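This is what each chain is made of:
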Amino acid sequence: MQKTKLRILFVDDHDDTRELVSVLLRLSDYEVVTANDVADALKLARGEAFDLYVLDNKFPDGTGRELCERLREFDHETPVIFFTGDTSEADKQQGLDCGAQGYVTKPDVAALPRAIARVLHAG
């Protein structure tokens, strides 16, 4: 019987970042679905089941913190990790305060799979 891959919704408004992270996560044996803004992410999250949300923090139609809060309105269980260029301690604390379980700053793409594994295998 084949093991089911864990599904990640990765939300970033930059095409190159979505492509790079998607390839990296697929190589780590995750199934990756992408969205490029808050509206698309919410539509996908409401219609499909995911094991993890990975969010940037700046989108044309809102922020990652707003997206995280809106996800928490209907999904209290799925973990959230921010992958963002917002590097201050205040940014990190705001991300965690909105319900995220992890925070990785760009461009440290190598830290992202470790953070994902830690969050997904913590329970």
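Residues numbered from 1 in each chain as written. Predicted model: local features only at pLDDT ≥ 70, side-chain atom pairs only at ≥ 80, totals over all residues. Heavy atoms only, no water.

A. Highlighting the pairing of strand β1 (residues 7-11). In terms of residue burial, β1 counts as a mostly covered element, since five of its five residues are buried. Side chains R7, L9 and V11 project from β1 onto one buried face, and the interleaved I8 and F10 project onto a second face that is buried too. Read from β1 through helix α1 (residues 15-27) to strand β2 (residues 31-35), the crossover connection turns out right-handed. Summarising the sheet, β1 and strand β3 (residues 52-55) pair through four bridges and their orientation is parallel. Paired with I8 across the strands is L52, a residue of β3. (Buried < 20%, exposed > 50% of the residue type's maximum accessible area, 1.4 Å probe, protein only. Helix = DSSP H or I, 4+ residues; strand = E, 2+ residues; numbered from the N terminus. Right-handed = clockwise from strand over helix to strand, strands pointing away. Pairing = 2+ DSSP bridges.)

B. A look at the packing of aromatic side chains. Summed over all chains, the structure comprises two aromatic pairs. Between F50 and Y53, the ring centres sit 6.1 Å apart and the planes meet at 50°, which makes this aromatic pair tilted. Each member of the pair, F50 as well as Y53, is classed as buried. (Phe/Tyr/Trp six-rings, centres within 6.5 Å; stacked < 30°, edge-to-face > 60°.)

C. The side chain of D37, seen in detail. Along the chain, D37 turns up in the loop between β2 and α2 (38-47). For D37, the side chain forms a polar contact with the main-chain nitrogen of A39, separated by 3.3 Å. Reaching out from D37, the side chain makes a polar contact with the backbone nitrogen of D40 at a distance of 2.8 Å. Dropping the residues within four chain positions of it, D37 is found in contact with V11, F59 and D61. (Polar contact = N/O pair within 3.5 Å; in protein donor to acceptor, adjacent residues only side chain to side chain. Contact = heavy atoms within 4.5 Å.)

D. Quick look at the environment of K58. Within the element layout of this structure, K58 appears in strand β4 (residues 58-59). The exposure class of K58 is exposed, given its relative accessible area of 54%. For the pair K58 and T84, spaced 26 residues apart in sequence, the C-alpha to C-alpha distance is 8.1 Å. The residues contacting K58, other than those within four sequence positions of it, are D13, G64 and D86. There is a polar contact of 3.0 Å between the side chain of K58 and the side chain of D86.

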